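Chains, contacts and geometry: an overview
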Amino acid sequence: MKFKLIKPIFNFLNNFSMRKWIIAPVLASLVMLGVSACKQNESAPATMSSAEAEKIVAEGNYEEAEVTAPPLVPAPIGDRKAKKVIIRLETIEKVGELEDGTQYTFWTFNGTVPGSFIRVRVGDEVELHLKNNENSTVSHNIDLHAVNGPGGGAEGTLVAPGKEAVVNFKVTNPGLYVYHCATAPVPEHIANGMYGLILVEPAGGLPKVDKEFYIMQGDFYTSGKKGDKGLLSFNLDKSIAENPDYVVFNGNATSLLGKNVLQAKTGETVRIYFGVGGPNLTSSFHVIGEIFDKVYIEAGTKVNEHVQTTMVPAGGAVIVEFKATVPGDYVIVDHSLSRAFNKGAIGKIKVTGDENPTVYKSKK
């Protein structure tokens, strides 16, 4: 540690005939500030540029990567070294439910809305296989926002029904990224449910938490209106007008309600990977009765703290964390609340455990 600043200040003070009992504390303070700054620099986390990440050597042979259906996520990467991984996705067109009794023909990745959660780390070399199911009616492809390359992979993965495409890419930027179909007409493919999330962990992994969940919001434009029974289809005019009948989490108005509520215990730290497929609406993501201890801003590496509601754009994502301190039911919403209470963007986390009257108590 060099103290080039101290000598000029010492001379300046002497020139004004300052007493030693004034000079000494000033010098001591400057020394302590310098030492403190050194310690802070020494303890700051190492950063890696995308250019440096390109040079990471992925070890071993290609291995099949675990992918999971929502709201589950694969096991954390941790501090493993970069390796070569194979990811397999299949585009499947299938009839499912938007809510009880209301059916819709979803276009999906791996049969779920959103598609499978993908988890890799910086420096991994990925071999992505995209198969279009033989029963599909149209071609599909995939644009991964984590990919540096033409169309995020879309140009190399356009596949007709019954065919398969393969692209290779290296992940160089940590963060949580959306992927989606980018086949024309793009808004229709996304509006039918073709989106998901890919997490790129930094070298060394993310901090450990107790529970992790995967949620995506989407807006659906149907040939009927919310609550109509039977099989509904996509409505282009409503999509262009950005007037959805349904705004839901994980492809269904009850995907996080009833027997599907998320579960946590008091004392546990919960991490939610949240994205917005769109195709049009931005989400005001909020958990009623909780405050986000950490928000990874726009799902990158910068962290904000003590956040009530975070904005997530269509085609964007966020990582939020909070510690469950009081038992009870915590409602997950898009805080544009008509979407929550009238169009389906609502869910729940049930926290069980001992009461915590220091933090909260009710006389009811």
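Residues numbered from 1 in each chain as written. Predicted model: local features only at pLDDT ≥ 70, side-chain atom pairs only at ≥ 80, totals over all residues. Heavy atoms only, no water.

**Brief notes about the sheet that holds strand β7 (residues 143-144)**
With respect to topology, 5 strands assemble into an open sheet ordered β2-β5-β10-β9-β7, the strand pairing being mixed. The open sheet has two free edges, formed respectively by β2 (67-68) and β7, since each of these has just one partner strand. Bridge count for β7 against strand β9 (residues 175-180) is 2 bridges, and the pairing is antiparallel. The residue of β9 that forms the bridge with Asp143 is His180. (Pairing = 2+ DSSP bridges. Helix = DSSP H or I, 4+ residues; strand = E, 2+ residues; numbered from the N terminus.)

**What to know about the nonpolar core**
Membership of the largest hydrophobic core comes to 56 residues, with the highest contact counts inside it found for Leu176, Leu197, Phe220, Ile272, Tyr273, Phe274 and Ile332. Core analysis: the second largest hydrophobic core is formed by 29 residues, Ala53, Val85, Leu128 and Leu130 among them. (Core = buried A, V, L, I, M, F, W, Y, C linked by side-chain atoms within 4.5 Å. Buried < 20%, exposed > 50% of the residue type's maximum accessible area, 1.4 Å probe, protein only.)

**Looking at the sheet that holds strand β17 (residues 292-296)**
Judged by pairing direction, the sheet is mixed, and its 6 strands sit side by side in the order β13-β11-β15-β20-β17-β18 without closing on themselves. In the strand order of this sheet, the two ends are held by β13 (246-249) and β18 (303-307), each with one partner. Ignoring which end each strand starts from, the neighbouring axes of this sheet average 20° apart. Relative to strand β15 (residues 269-278), strand β11 (residues 211-220) runs parallel, the two being bridged by 8 bridges. By the bridge assignment, Tyr214 is partnered in β15 with Tyr273. (Axes fitted to C-alpha atoms, helices over the stretch in contact; angles between N-to-C directions.)

**What to know about the side chain of Thr222**
Structurally, the position occupied by Thr222 is in the loop between β11 and β12 (230-232). The exposure class of Thr222 is buried, given its relative accessible area of 0%. At a separation of 3.2 Å, a polar atom in the side chain of Thr222 contacts the main-chain amide nitrogen of Gly224. Beyond its immediate chain neighbours, meaning those up to four positions away, Thr222 contacts Leu98, Tyr104, Leu232, Ser233, Asn235, Lys238, Asp245 and Tyr246. (Polar contact = N/O pair within 3.5 Å; in protein donor to acceptor, adjacent residues only side chain to side chain. Contact = heavy atoms within 4.5 Å.)

**A short note on a nonpolar patch on the surface**
On the surface, Ile288, Leu337 and Phe341 cluster together into a nonpolar patch covering about 270 Å² of accessible area. Its place among the elements puts Leu337 in helix α6 (residues 337-343). (Patch = residues over 30% accessible without salt bridge, like charges linked within 9 Å, V, L, I, M, F, W, Y side chains within 5 Å. Areas by Shrake-Rupley, 256 points an atom, 1.4 Å probe, with all protein chains shown as cover. Salt bridge = Lys/Arg side-chain N within 4 Å of Asp/Glu carboxyl O.)

**Topic: the side chain of Ser255**
Within the secondary structure, Ser255 is located in the loop between β13 and β14 (262-265). With a relative accessible area of 16%, Ser255 lands in the buried category. Engagement of the side chain of Ser255 in a polar contact is seen with the backbone oxygen of Phe249, the distance being 2.5 Å.

**Examining the pairing of β11**
Along any regular strand the residues' side chains alternate between the sheet's two faces. For β11, the tally of buried residues reaches 9 of 10 residues, placing the bulk of the element in the interior. Pairing between β11 and β13: 4 bridges, direction antiparallel. Bridge pairing in β13 places Gly218 opposite Val248.

**Description of the pattern of salt bridges**
Applying the stated rule across the entire model yields 15 salt bridges. The shortest N-O distance in the salt bridge between Lys226 and Glu99 comes to 3.3 Å. You can see Lys226 sitting in the loop between β11 and β12 and its partner Glu99 sitting in strand β3 (residues 83-99), a full 127 residues away along the chain. A relative accessible area of 32% places Lys226 in the partly exposed class. A salt bridge links Lys350 to Asp329, with the shortest nitrogen-to-oxygen separation between them at 3.4 Å. In this pair, Lys350 sits in strand β22 (residues 346-352) while Asp329 sits in strand β21 (residues 328-334), placing the two residues 21 residues apart along the sequence. The class for Lys350 is partly exposed, based on a relative accessible area of 34%. On the accessibility criterion, Asp329 (43% relative accessible area) is partly exposed. Several salt bridges converge on common partners, so that one network encompasses Arg119, Glu201, Glu212, Arg271 and Glu321.

**Here's the deal with the environment of His335**
Structurally, His335 is set in the loop between β21 and α6. In this structure His335 comes out as partly exposed when scored by relative accessible area, which is 37%. Taking the C-alpha atoms as reference points, His335 and Ile346, separated by 11 residues in sequence, lie 9.5 Å from one another. The contact partners of His335, leaving out residues within four places of it in the chain, are Ser284, His286 and Thr309.

**Considering unusual backbone geometry**
Residues Val113 and Pro114 are joined by a peptide bond in cis, for which omega reads -5°. Its place among the elements puts Pro114 in the loop between β4 (102-109) and β5 (117-121). A cis geometry characterises the amide bond from Ala184 onward to Pro185, with omega recorded as -5°. Despite not being glycine, Asn110 has its phi angle at roughly 65°, a positive value. With respect to the helices and strands, the residue Asn110 is situated in the loop between β4 and β5. Using a relative accessible area of 26% as the deciding quantity, one classes Asn110 as partly exposed. Its identity is not glycine, yet Ala299 carries a phi of approximately 65°, on the positive side. Along the polypeptide, Ala299 turns up in the loop between β17 and β18. Given the relative accessible area of 2%, Ala299 is considered buried.

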